[in-house]
Amino acid sequence: MSKIAYVNGVYLPQRQASVNIEDRGYQFGDGIYEVVHLYRGRFVDEVRHLDRLERSLGEIHLSMPMPRAALRMVLMEVAQRNRVRDGLLYMQVTRGVARRD
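A. Main features of helix α3 (residues 68–81). Here α3 is 14 residues long and its end C-alpha atoms lie 20 Å apart, about the 20 Å a rise of 1.5 Å per residue gives. Among the residues of α3, Leu71, Val74, Leu75, Met76, Val78 and Ala79 are the ones counted as buried. Buried residues along α3 sit in contact with β1 (4–7), β2 (10–13), β3 (31–39), β4 (42–44), α2 (46–59) and β5 (87–94). Two residues or fewer past α3, arginine 83 is found with a positive phi of approximately 55°.

As structure tokens, then:
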């Protein structure tokens, strides 16, 4: 079974997932990542992880990529599509693509 990723609003096989070479996260580490533990199909400390994600994004002046409820739905969908009941889900939010001058 192929692993499924969620990239820029699209669910796709992980082998097809890519990051644009001009993405600020790729070039400069200009982004935030967070990891959520899934145990028996439920997130462990979900609120604390999302609080930390939001706080960290605020520190580098980035907005949440979507409302928390929508992000939670995306995380659950990724877990379901990958048939993961116990494991880790990694989230990465970057500043996105920007031309270098």
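Following the structure, the description resumes.
B. Examining the sheet that holds β4 more closely. Strand order in the open sheet formed by 3 strands is β4-β3-β5, and the pairing between neighbours is antiparallel. Lying at the two open borders of the sheet, with one neighbouring strand each, are β4 and β5. Across this sheet, the average inter-strand angle for adjacent strands is 40°, counted without regard to direction. For β3 and β4, the ladder comprises 3 bridges, and the chain directions are antiparallel. By the bridge assignment, histidine 37 is partnered in β4 with valine 44. Relative to β3, α2 is tilted by about 175°, and along the sheet it contacts β3, β4 and β5. Strands in contact with α3 are β3, β4 and β5; relative to β5, the strand with the most contacts, it is inclined by about 135°.

C. Inspection of the pattern of salt bridges at higher detail. Tallied over the full model, the rule gives 7 salt bridges. Close ionic contact of glutamate 34 with arginine 52 constitutes a salt bridge, the shortest N to O distance being 2.6 Å. Here arginine 52 lies in helix α2 and glutamate 34 lies in strand β3, a separation of 18 residues in the sequence. In this structure glutamate 34 comes out as buried when scored by relative accessible area, which is 5%. Take arginine 52: its relative accessible area is 37%, and that puts it in the partly exposed class. With a shortest N-O distance of 2.5 Å, arginine 68 and aspartate 51 are connected by a salt bridge. Remark: aspartate 51 occurs in helix α2 and arginine 68 occurs in helix α3; sequence separation between them is 17 residues.

Analysis parameters
Residues numbered from 1 in each chain as written. Predicted model: local features only at pLDDT ≥ 70, side-chain atom pairs only at ≥ 80, totals over all residues. Heavy atoms only, no water. Helix = DSSP H or I, 4+ residues; strand = E, 2+ residues; numbered from the N terminus. Expected span 1.5 Å × (residues − 1). Buried < 20%, exposed > 50% of the residue type's maximum accessible area, 1.4 Å probe, protein only. Contact = heavy atoms within 4.5 Å. Pairing = 2+ DSSP bridges. Axes fitted to C-alpha atoms, helices over the stretch in contact; angles between N-to-C directions. Salt bridge = Lys/Arg side-chain N within 4 Å of Asp/Glu carboxyl O.

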